[in-house]
Structures are given as C-alpha cells and as structure tokens.
Amino acid sequence: MLVRRLARPLLAAVFIKGGIDTLLNPEPRVGMIAPKVAQAQDAVGDKLPAQAPTEPEQLVKIDAGVKIGAGVLLALGKFPRLASLLLAGSIIPTTVTAHPFWEAKDPAERSAQQTHFLKNLGLLGGLILAAVDTEGKPSLGWRARRASRKLAKKTEELTGHSSDVGSDVAEWAEGARSAAGTTAATVRDGVDVAIGKFVA
C-alpha cells in the first residue's frame, strides 16, 4: 500500500539521522547518560551478566547502531514490525535520559525539554502503530479463535454429539485460549482434553 511506503521512511528518517549523528559524535551523549548508567549500576549491583555492556560509550554506540539498522529496515519495509519494536525499545531510554524536563530549573529550558519529550512520545506512538500493523493479514488472536472454532466443529462431527456439546467444547477451547495466551497449540491441547471428557 502506498501509505505504508511513504509513512515508514518518514517515521524512520529521524532515527537513522540521529543514529548517524551519534556515531560521528558520541561524546555529548556519553556525558549525558554516564550519570544514569552509574545510578543503574548502583541499583542493579552485580546481578548483570559479565557479558552485558556497562560502559556509557559502548551503550551509546549500540543504541546508535540499533537506530540506524532498525531505521533502515523500517524505511525499506523489511521486517517492519520487528524494526518498529526495536526502535520503540530504543527511544524510551533516549527520551528519559536526554529530555528530563522535570529536572530543569530554568523555565525556558524546561519548556524546550518538555517539547522534545512529547515529540518523542509522539514518535513512540507512531512506532507502536507500525509494530501492530499486520498489513491486512489476520492477527494471531484472530487465527487462534478461528482454529478453536474449527476444532470445536470437527470435534462435534467426530463425536456425533449434539450442537450443545459442540458449543460447550468451543466455549471451553476459547477459555483455554484466553488463559494460555492465544497460541493455537495450547487451544489444540485443550480441545483434545475436552474430547476425552465428552467421549468418555
């Protein structure tokens, strides 16, 4: 669809540009996040794995790489939902560390930081929409509900029970799907148990 081909690069552009700028000149961002990283390390202590990056410069470069890589993928329409999720995960710490308007004393600076903070929230909203965009394909939840209805109907045909039993099985399968989290495999297992219950 033409709208997606236009909207995705527009949404990705700010992340690609920001990531490139950060890689070319990381020092200002390193200085900005260093105190926050120190606070996080004090809070977490030695619970982080040894392989986890903890150096502010390394974290800034990783974040810039994510913004560039995921931004390019989103702009090209390659793995757009995954790319949007990565960018959403990247923009949250960036917004909190770069635009803490609540800490600003000067009213003009506070207002400017608040504007940037809200702008980033708007970008986050756009990324959330892009992350849930299935491009017209059925969602996982819809496919799981459809599978549970089909299985319930097949169960009714196989057991020869009345439609009331079939609807009981469908209702039970729907409850199992909701409780277990919309995976078709879980619904299938639940219907198998229901079949054993009604056939026995």
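These numbers come from a predicted model, not from an experiment. (Residues numbered from 1 in each chain as written. Predicted model: local features only at pLDDT ≥ 70, side-chain atom pairs only at ≥ 80, totals over all residues. Heavy atoms only, no water.)

Chemist: I'd like a description of the overall build of the chain, backed by residues and values.
Modeler: Helices and strands together make up the secondary structure of the chain, namely eight helices and zero strands. Going residue by residue from the N terminus, the α and β elements of the chain occur as α-α-α-α-α-α-α-α. Looking at the chain as a whole, 29% of its 200 residues are labelled buried. Sequence-distant contacts in the chain: of pairs separated by 6 or more residues, those separated by 24 or more amount to 64%. Accessible surface, the chain: about 12500 Å² in total, of which carbon and sulfur atoms supply 63%. (Helix = DSSP H or I, 4+ residues; strand = E, 2+ residues; numbered from the N terminus. Buried < 20%, exposed > 50% of the residue type's maximum accessible area, 1.4 Å probe, protein only. Contact = heavy atoms within 4.5 Å. Areas by Shrake-Rupley, 256 points an atom, 1.4 Å probe, with all protein chains shown as cover.)

Chemist: How would you explain the layout of surface pockets if you had to name every residue and give the values?
Modeler: If you add up the space inside the largest pocket, you get close to 870 Å³. For the lining of the largest pocket, the element with the most residues is helix 2 (residues 27-44), which contributes eight residues. Here the residues of the lining of the largest pocket sort into 19 nonpolar, ten polar and five charged. Roughly 150 Å³ of internal volume is contained in the second largest pocket. Lining the second largest pocket, in full, are Pro80, Arg81, Asp133, Thr134, Glu135, Lys137, Pro138, Ser139, Leu140 and Arg143. Elements supplying a minimum of two residues to the lining of the second largest pocket: helix 4 (80-98) and helix 6 (140-159). (1 Å grid on protein atoms, 1.4 Å probe; cavity = no way out; pocket = protein on both sides within 12 Å on 5 of 7 lines; lining within 4 Å. Points joined across faces, edges and corners; volume = space filled by probe spheres on them. Nonpolar A, V, L, I, M, F, W, Y, C, P; charged D, E, K, R; others polar.)

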